[in-house]
Amino acid sequence: MALLRSLSALLFDISLLFGLCLAGDPFIPFDWELSYITAAPLGVKQQVIAINGQFPGPIVNVTTNDNLVVNVLNSLGEDALITWNGIQHRRNSWEDGVLGTNCPIPSGWNWTYQFQVKDQIGSFFYFPSLNFQRAAGGYGGIIVNNRAIISVPFGTPDGDITLMIGDWYNRNHTALRMALDDGKDLGMPDGVLMNGKGPYQYNHTLVPDGIDYESINVHPGKTYRIRVHNVGISTSLNFRIQNHNLLLVETEGSYTSQQNYTNLDIHVGQSYSFLVTMDQNASSDYYIVASARFVNETLWTRVTGVAILHYSNSKGKAAGPLPDPPNDFYDKSFSMNQARSIRWNVSAGAARPNPQGSFKYGQINVTQLYVLKNKPPVVINGKRRTTLNGISYVNPQTPMRLADQYKLKGIYALDFPTTPLVGPPSLGSSVINGTYRGFMEIIFQNNDTTIQSYHMDGYAFFVVGMDFGEWTENSRGTYNKWDGVARSTTQVFPGAWTAVLVSLDNVGVWNIRVENLDTWYLGQEVYVRVVNPEVNNKTELPMPDNAFFCGKLKDMQKVQTPHSKSLALSVMVGRMKLFILMLFFAVAVF
């Protein structure tokens, strides 16, 4: 009896240990195949990039602190990577999905991303980061929900809706990048898609017959959370829903001060959450519109996306003119003032139980200042390129994070200038040397003629100021030092500047890029290298076991077994094997 009691106690302890292993933050597995399908979103058949045959890709719906395990099989016929726009990858730039940190996934190979959505709640999206592929699709929404112990500053909505909006060309992405390589502009897009579909036929001249459009079904009196992402190429879009108010509540992981908008400009790469109450009489369906901004509206009429909001008790189809866009012909500061009105909700809880307002960023001393200026495209070595501070970025063949791991020299230079260079522009792999736990002030100065959207991987920065003209140190007197919204993507108007503050507490090599695909493709980006002098696994996770090798380390790469199984399954199988071995050991001992 005593032996049996001892065995039972040991088995209980082992079971408890195994249970604790499984009771931590859950692992959420996904198996994706990137491939081409034929579609005609604007009535012209073309190749689009699908995930598991789906365009746009599936929505990733997870909870903060979940561990995502995403096994990506690349069937595109060219290199690919997936990047996670706005997901901060705490301590883990290895999973960022850009060339500065990852070797690309070769055609026919697969790679498994594994990262934790740590301390984040909100609306984000993913997309393929190489070779202009986002222009062909491959994107999808990410929803990071709050845990039960974290309060939300609004009631639980009656539904959750994701809208991917963006400009679209009927030419394949390979043809678009070839045009850029040949020194040409892309020209006006052929339209705007909503969730991969073309516009509702609100106008028989502008919209041909047979176009499939998005229709969102709702119930009267209910309130829905609508998450809108601009996943397009280079066009800022004004979003609006006919006769409905948009109550803005969140952007890119930050709760905002709640205020109603009849329309909102959403720039390339930006994400917003609105609460929309279905308070109309449903005499007919209603238009959902995303139209091009800051262009000649007479010429760009076709660049308008239209979906349908359909009440369950609707009495007819939507008809008549679309709701009007902003009339700011005589008020050039309308959109900038609208952007300034988006404030951080400092009284709301964030992913951590502590209130957001406990982090008083305006009282922190700035330790580094970088003024990043872009200009119209220039010709360097006979090729049309774009620049930041006079440098057009060129990705080294060996990713920088991998070069650091193996102490390779000469891959990149930690010499990116703090202010624009004087002299002719040049090509280079010049990197910002960020100070770990420093507080960096970045000024995005846009000296081009079009709006630029800037994004920083691995971080959310505080948008503290924007204005027309050249930034000077006196501009700091206009900064919002209390409730500037924290986000990962900000717009910079032409002939204007935007100032952000960022706390460099996330170790790794992180990309700062323009989200406009054409100017990004031509070199308008830079990386920030943040290193903890005390090397440990607490501030940066070790290199993953499945890391690819390329460039100067390509000889270390082993041939991959085709269609290897998901790492998520491997993790679970490994835990099961450990449990079984412990059981066998326990039985053998007794």
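Residues numbered from 1 in each chain as written. Predicted model: local features only at pLDDT ≥ 70, side-chain atom pairs only at ≥ 80, totals over all residues. Heavy atoms only, no water.

Enquirer: Describe the overall build of the chain, and please don't skip the residues or the numbers.
Expert: On a plain count of helices and strands, the chain comes out with six helices and 33 strands. Expressed as a percentage of its 590 residues, the buried residues of the chain come to 56%. Sequence separation of at least 24 residues holds for 78% of the intrachain contacts in the chain that already meet a minimum separation of 6. Total accessible area computed for the chain in this model is approximately 24700 Å², and 54% of it derives from carbon and sulfur atoms. (Helix = DSSP H or I, 4+ residues; strand = E, 2+ residues; numbered from the N terminus. Buried < 20%, exposed > 50% of the residue type's maximum accessible area, 1.4 Å probe, protein only. Contact = heavy atoms within 4.5 Å. Areas by Shrake-Rupley, 256 points an atom, 1.4 Å probe, with all protein chains shown as cover.)

Enquirer: Which residues make up the confidence of the model for the chain, and what values go with them?
Expert: Per-residue confidence for the chain gives a mean pLDDT of 91, with 89% of residues at or over 70. A low-confidence stretch, residues 352-357 stays under pLDDT 50, and its non-local contacts, those more than four residues away or across chains, total 14 contacts. The model gives residues 564-568 a pLDDT under 50, and that stretch makes 13 contacts with residues more than four places away or in other chains. (pLDDT = per-residue confidence, 0-100.)

Enquirer: Tell me about the packing of aromatic side chains, and name the residues and values.
Expert: Here the structure, examined in full by the defined rule, presents 29 aromatic pairs. With 5.9 Å between their ring centres and 75 degrees between their planes, Tyr406 and Phe549 make a pair best called edge-to-face. Taken as a pair, Tyr406 in the loop between helix 4 (400-405) and strand 24 (426-428) and Phe549 in the loop between strand 33 (525-531) and helix 6 (567-589) lie far apart in primary sequence, 143 residues in all. Taking 6.2 Å as the distance between ring centres and 80 degrees as the angle between the ring planes, the aromatic pair formed by Tyr459 and Trp510 counts as edge-to-face. You can see Tyr459 sitting in the loop between strand 27 (452-456) and strand 28 (461-468) and its partner Trp510 sitting in strand 32 (residues 508-514), a full 51 residues away along the chain. Comparing Tyr459 with Trp510 shows no difference in burial state: the two are buried. Among the aromatic residues, those joined into a ring-pair cluster are Phe30, Trp32, Trp84, Trp109, Trp111, Tyr113, Phe115, Tyr126 and Phe548. A cation sits over an aromatic face here: Arg134 above Phe127, 4.7 Å from the ring centre. Stacked on the ring of Phe294, the Lys or Arg Arg293 has its end atom at 4.5 Å from the ring centre. (Phe/Tyr/Trp six-rings, centres within 6.5 Å; stacked < 30°, edge-to-face > 60°. Lys NZ or Arg CZ within 6 Å of the ring centre and 35° of its normal.)

Enquirer: For the nonpolar core, give the residues involved together with the corresponding values.
Expert: Side chains of a nonpolar character, in soluble globular proteins, are inclined to be buried together. Judged by nonpolar contacts, the single largest core of 89 residues is most densely connected at Phe239, Phe274, Ile288 and Leu309. Those residues in contact with Phe274 that sit more than four places away from it in its chain are Tyr224, Arg225, Ile226, Val228, Phe239, Leu246, Leu247, Leu248, Leu264 and Ile266. The next biggest cluster of nonpolar side chains, apart from the first, holds 36 residues, and it includes Ile49, Leu402, Cys550 and Leu553. (Core = buried A, V, L, I, M, F, W, Y, C linked by side-chain atoms within 4.5 Å.)

Enquirer: Can you break down the environment of His229 residue by residue, with the values?
Expert: Residue position: His229 is located in strand 12 (residues 223-230). Considered as a pair, His229 and Gly141 are 88 residues apart in the sequence and their alpha carbons are 7.8 Å apart. In contact with His229, other than residues within four places in its own chain, are Ser123, Phe124, Phe125, Gly141, Thr162, Leu163, Met164, Ile165, Gln270 and Ser271. Looking at His229, its side chain comes within polar contact range of the side chain of Ser271, at 2.7 Å. (Polar contact = N/O pair within 3.5 Å; in protein donor to acceptor, adjacent residues only side chain to side chain.)

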